Amino acid sequence: MKIKIILLLLLSYSFALDQNFEDFEQEYKSYQINDPLASYNKAMTHFNVALYTYGFRPILKGYNEITPQFLRTGVRNFFDNLFSPLRFVGNVLQLKFKNAGEEFKRFTTNTIMGFGGLMDPASQMGLKKHPADLGTILGHWGVGGGFHLVLPVLGPSNLRDTLTLPAIWYADPISYINPQWESIAISAYDFSNELSFKLDEIDEIYYNSPNLYPFLRDAYEQRRQELSK
C-alpha cells in the first residue's frame, strides 16, 4: 500500500509539471479561494520549499551537469509522448475535439517521425500540447475544486484534484510495470528529469515571491479553472 501511495505521488506530479511554471506568472490574479486549512497549507509549503532546496535542487543540479542535454530532452519527449493518449481522452471527455485532434496528431507524428517519441517534430510543426486530466474533466462538467490543499512534494492542489489521484494511477501505463519497484523507479526518473528543466523557473518563484503561499495557491486554482473551461 505504501508503495502505491509513493507511485501515486510521482505520477500525479508529472501532471502538475505538465502545467508550465511560466503560466503561473502570466495568469496570476487575485481569487477568492476556499482555504480553511491555510495554516497547514502554509506549513506544508515551507516544507516543500525546504525539501526542494536541500534535496531535489542540489541533486538535479548535479544531474544536469553530468547528463547531456540531448539525453534529458529525449527522455522528456518520450514520457510526454507516452502521456499524449491520456490527454487525448481527457480532451474528448470535455468535448474539446479540436484539442483532442491536435493531441492525436502530436502522438502519431512523434511516434512515427520522432522515433517512438524520443524527438518532438510535432512541436516544430506547430502542433500544441493540451493538458487534460480527470480533475479538469470534472471541473469542466461543473464539479468544484473544493477547499485548497497543499500536498507533500506535489505542492498546490485541491480536494477534487487530490481525490482523482487513484484514477490517475490506474490510467497510467507505467503503473502496470512489474515488479512494482521498477514502476516507481521509472516514474521517479521521469519526475526528476522533467523537474531538471524547470530549476530556474522554480528558483524564481520560490526565492523571489514576497508572498509565496498565496501566489502559488491563487495561480494553481486559476490555472485549473482555465484548463477546465
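All values reported here derive from a predicted model rather than from experimental measurement.

Draft legend 1. Up close: the pattern of salt bridges. One pass over the full model with this rule turns up 14 salt bridges. Arg-106 is the salt-bridge partner of Asp-80, the closest N and O atoms lying 3.3 Å from each other. Taken together, the residues span a long stretch of sequence, with Asp-80 in helix H4 (residues 69-82) and Arg-106 in helix H6 (residues 97-112) at a distance of 26 residues. Of the two residues, Asp-80 and Arg-106, neither departs from the other in class, the shared state being buried.

Draft legend 2. Fine view of unusual backbone geometry. Put simply, Asn-178 and Pro-179 share a cis peptide bond, and its omega is -5°. Within the fold, Pro-179 resides in the loop between helix H10 (165-171) and helix H11 (180-196). Phi at Leu-95 takes a positive value of approximately 65°, unusual for a residue other than glycine. Within the secondary structure, Leu-95 is located in the loop between helix H5 (84-93) and H6.

Draft legend 3. Quick peek at the nonpolar core. Grouped together as the largest cluster of nonpolar side chains are 13 residues, with contacts concentrated most on Ile-205, Tyr-206, Leu-212 and Leu-216. Sorting the residues of this core by element identifies helix H3 (38-66), H11, helix H12 (199-208) and helix H13 (212-228) as the ones contributing at least two each. If you look at the next biggest cluster of nonpolar residues, it comprises five residues, including Leu-149, Leu-151, Leu-154 and Ile-168.

Draft legend 4. The environment of Thr-109, seen in detail. Assignment of secondary structure puts Thr-109 in helix H6. Judged by its relative accessible area of 11%, Thr-109 is buried. Expressed as a C-alpha distance, the spacing of Thr-109 and Ser-123, which sit 14 residues apart in the sequence, is 9.6 Å. Other than its neighbours up to four places away in sequence, Thr-109 contacts Gly-114, Pro-121, Ala-122, Met-125 and Leu-127. Here Lys-105 takes part through its backbone oxygen, which lies 2.7 Å from a polar atom of the side chain of Thr-109.

Draft legend 5. Representation of the pairing of strand S1 (residues 148-151) within the structure. Residues of S1 alternate between two faces, with His-148 and Val-150 on one and Leu-149 and Leu-151 on the opposite face, all of them buried. Across four bridges, the pairing between S1 and strand S2 (residues 155-158) is antiparallel. Bridging from a neighbouring strand, Val-150 pairs with Pro-156 of S2. The turn joining S1 and S2, which pair antiparallel and follow one another in sequence, is formed by three residues; a positive phi near 75° is taken by Val-153.

Draft legend 6. Geometry of a nonpolar patch on the surface. On the surface, Phe-78, Phe-115, Leu-118 and Met-119 cluster together to form a nonpolar patch covering roughly 420 Å² of accessible area. Here Phe-115 shows up in the loop between H6 and helix H7 (121-124). Using a relative accessible area of 63% as the deciding quantity, one classes Phe-115 as exposed.

About the cut-offs
- Residues numbered from 1 in each chain as written.
- Predicted model: local features only at pLDDT ≥ 70, side-chain atom pairs only at ≥ 80, totals over all residues.
- Heavy atoms only, no water.
- Salt bridge = Lys/Arg side-chain N within 4 Å of Asp/Glu carboxyl O.
- Helix = DSSP H or I, 4+ residues; strand = E, 2+ residues; numbered from the N terminus.
- Buried < 20%, exposed > 50% of the residue type's maximum accessible area, 1.4 Å probe, protein only.
- Core = buried A, V, L, I, M, F, W, Y, C linked by side-chain atoms within 4.5 Å.
- Contact = heavy atoms within 4.5 Å.
- Polar contact = N/O pair within 3.5 Å; in protein donor to acceptor, adjacent residues only side chain to side chain.
- Pairing = 2+ DSSP bridges.
- Patch = residues over 30% accessible without salt bridge, like charges linked within 9 Å, V, L, I, M, F, W, Y side chains within 5 Å.
- Areas by Shrake-Rupley, 256 points an atom, 1.4 Å probe, with all protein chains shown as cover.

Function cannot be read off these values alone, since they describe shape.
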